[in-house]
Amino acid sequence: MVPLAAFAQDTQPTTAGDAPPAAPAGENRRLDAASVNDAAIRTPVGADTGAEGPAVLRAQILLDRAHFSPGEIDGAFGSNTRRAIEGFQRSRDLDPSGTIDPATWIALNSDTVDALVRYTLTAADVAGPFVKIPEDMEAKAGLERLGYGSALEALGERFHASPALLQRLNPDAKTEAGAVWTVPNVAAATLPKGDKVVVDKSDAVVMLLDDAGRTLAQWPATMGSSHDPLPIGEWTIKGVAKDPPFHYNPDLFWDADPGHEKAEIAPGPNNPVGVVWIDLSKEHYGIHGTPVPSTIGKTQSHGCIRMTNWSARALSDAVAPGTKAVLRE
């Protein structure tokens, strides 16, 4: 395990909106499995097309399965989906337009599995314990574990989806063992070990590259702020800690409560650094998860690189001590 000293805090207020344009009315708003699983879809997906609908959701799921993550799958086009499309297009030698055109649909649809599948909830899915997470850092330190707040939140993380999307797909489903839900069929394959991690500030993404410089995977990320800029340069990964505690040191945060003392916050998916800490050779800096996946790529951080919990976990399994980490503008 990597010793976790006082490292950069996880959250920061939103600084820029990412709301898509108003969605068109009618059939494009329906998100039933038959529509989303239609491999004949050729509806363009981009900033100038429909804001949401079956084509957008299908694209997000297939991008996730190809390891070009749109972040939290929500069925709505936004900046993270655009970045994922561009990364996927570059990896397939297609025009990186950020819009899914017919050629990009052909490449995505080479994955022939259903995008939406049926999933039967287990007793473990709904057992908890679920806990209300306080905002105050010292109050967080009083909890034995920072677990999920609800079964719906846990299912969202498992299927890389917003809780709102899961509710929309399952308006009448109960959150109990034996209930059958419709869920995104997200990436499950293990990535090969990468040669280099690239953190690109201008595009707000983290990329995993092989030794030939090819992009194996790409994820959206939140990185730095005007108060705590991303430490540009070449570093190395020192190690990985799974399910880490968070050692809160208010002296490291410009906006900390002056009355706070140092505290250790228990592990869990709602821990300030989520389920994974990837330690960098730059002191106090790392790549880590988050308790708020909907904000990834749309907010600021206290200097560290923040990803969704599932993205940070996938990256952590594909790196090793000594892996290069290039942080660039």
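Look above for the structure.
Residues numbered from 1 in each chain as written. Predicted model: local features only at pLDDT ≥ 70, side-chain atom pairs only at ≥ 80, totals over all residues. Heavy atoms only, no water.

A. Layout of the overall build of the protein chain. In terms of helices and strands, the protein chain carries nine helices and 13 strands. When the 329 residues of the protein chain are sorted by exposure, 53% land in the buried category. Of the contacts made within the protein chain by residues no fewer than 6 positions apart, 65% connect residues no fewer than 24 positions apart. Of the roughly 14,100 Å² that the protein chain leaves accessible, carbon and sulfur atoms contribute 51%. (Helix = DSSP H or I, 4+ residues; strand = E, 2+ residues; numbered from the N terminus. Buried < 20%, exposed > 50% of the residue type's maximum accessible area, 1.4 Å probe, protein only. Contact = heavy atoms within 4.5 Å. Areas by Shrake-Rupley, 256 points an atom, 1.4 Å probe, with all protein chains shown as cover.)

B. How the structure looks around the sheet that holds strand β10 (residues 276-280). As summarised here, the arrangement of the nine strands in space is β5-β4-β3-β13-β7-β10-β11-β12-β6, forming an open sheet in which the pairing is mixed. The outermost strands of the open sheet, each flanked by one partner alone, are β5 (215-220) and β6 (222-223). The pairing of β6 with strand β12 (residues 305-306) spans two bridges and is antiparallel. For Met223, the partnering residue across the bridge sits in β12 and is Ile305. Helix α9 (residues 309-316) contacts β3 (196-200), β4 (205-209), β5, β7 (233-242), β10 and β11 (286-288) of the sheet and is inclined by roughly 55 degrees relative to β10. (Pairing = 2+ DSSP bridges. Axes fitted to C-alpha atoms, helices over the stretch in contact; angles between N-to-C directions.)

C. Molecular detail of the side chain of Asn270. Summarising the element assignment, Asn270 is placed in the loop between β9 (263-265) and β10. For Asn270, a relative accessible area of 8% corresponds to the buried category. For Asn270, the side chain forms a polar contact with the side chain of Glu153, separated by 3.2 Å. When neighbours within four sequence positions are excluded, Asn270 is seen to be in contact with Ile133, Leu146, Gly147, Tyr148, Gly149, Glu153 and Pro291. (Polar contact = N/O pair within 3.5 Å; in protein donor to acceptor, adjacent residues only side chain to side chain.)

D. Layout of the pairing of β4. Where burial is concerned, most of β4 is hidden: five out of the five residues are buried. Residues of β4 alternate between two faces, with Val205, Met207 and Leu209 on one and Val206 and Leu208 on the opposite face, all of them buried. In this structure, β3 lies alongside β4, joined through five bridges in antiparallel fashion. By the bridge assignment for β4, Val198 is matched with Met207. Turn length for the β3-β4 hairpin, with the two strands adjacent in sequence and antiparallel, is four residues, and the turn residue Ala204 shows positive phi of about 55 degrees. The antiparallel pairing of β4 with β5 creates a hairpin that spans five residues between the two strands, and Gly213 there sits at a positive phi of about 85 degrees.

E. Here's a closer look at unusual backbone geometry. The peptide bond linking Gly128 to Pro129 adopts the cis configuration, its omega dihedral lying at 5 degrees. The backbone of His160 shows a phi angle near 55 degrees, a positive value even though the residue is not glycine. For Asp243, which is not a glycine, the phi torsion comes out positive at approximately 50 degrees. Within the secondary structure, Asp243 sits in the loop between β7 and β8 (246-248).

F. How the structure looks around the packing of aromatic side chains. Considering all chains together, one arrives at two aromatic pairs under this definition. Here Phe68 and Phe88 contribute two aromatic rings whose centre-to-centre distance is 6.0 Å and whose plane-to-plane angle is 85 degrees, an arrangement assigned as edge-to-face. Placement of Phe68 in the loop between α2 (54-65) and α3 (79-91) and of Phe88 in helix α3 is noted, with a sequence separation of 20 residues between them. This pair shows no difference in class: Phe68 is buried, exactly as Phe88 is. Their ring planes at 65 degrees and their centres at 5.1 Å tell us that Tyr119 and Phe159 sit as a pair that is edge-to-face. (Phe/Tyr/Trp six-rings, centres within 6.5 Å; stacked < 30°, edge-to-face > 60°.)

G. Molecular detail of the pattern of salt bridges. The final tally for this structure, using the stated rule, is 10 salt bridges. Here Arg65 ties to Asp111 by a salt bridge, and the two come within 2.6 Å at their closest N and O atoms. Of the two residues, Arg65 is situated in helix α2 and Asp111 in the loop between α4 (102-108) and β1 (116-120); the sequence distance between them amounts to 46 residues. Classification of Arg65 as partly exposed rests on a relative accessible area of 21%. Between Asp210 and Arg214 there is a salt bridge, with the nearest N and O atoms lying 3.0 Å from each other. You can call Asp210 buried: its relative accessible area is 13%. (Salt bridge = Lys/Arg side-chain N within 4 Å of Asp/Glu carboxyl O.)

H. Quick peek at the nonpolar core. Among the nonpolar cores identified, the biggest contains 24 residues, and Val197, Val206, Leu208, Ile305 and Leu315 are the most heavily contacted of them. Of all the secondary structure elements, the ones that give two or more residues to this core are β3, β4, β5, β10, α9 and β13 (324-328). Look past the residues within four positions of Ile305 in its chain and what remains in contact with it is Val199, Val206, Ala221, Thr222, Met223, Leu230, Leu280, Gly286, Ile287, His288 and Leu327. Within the second largest apolar cluster, 20 residues are counted, among which are Val36, Ala115, Ala179 and Val183. (Core = buried A, V, L, I, M, F, W, Y, C linked by side-chain atoms within 4.5 Å.)

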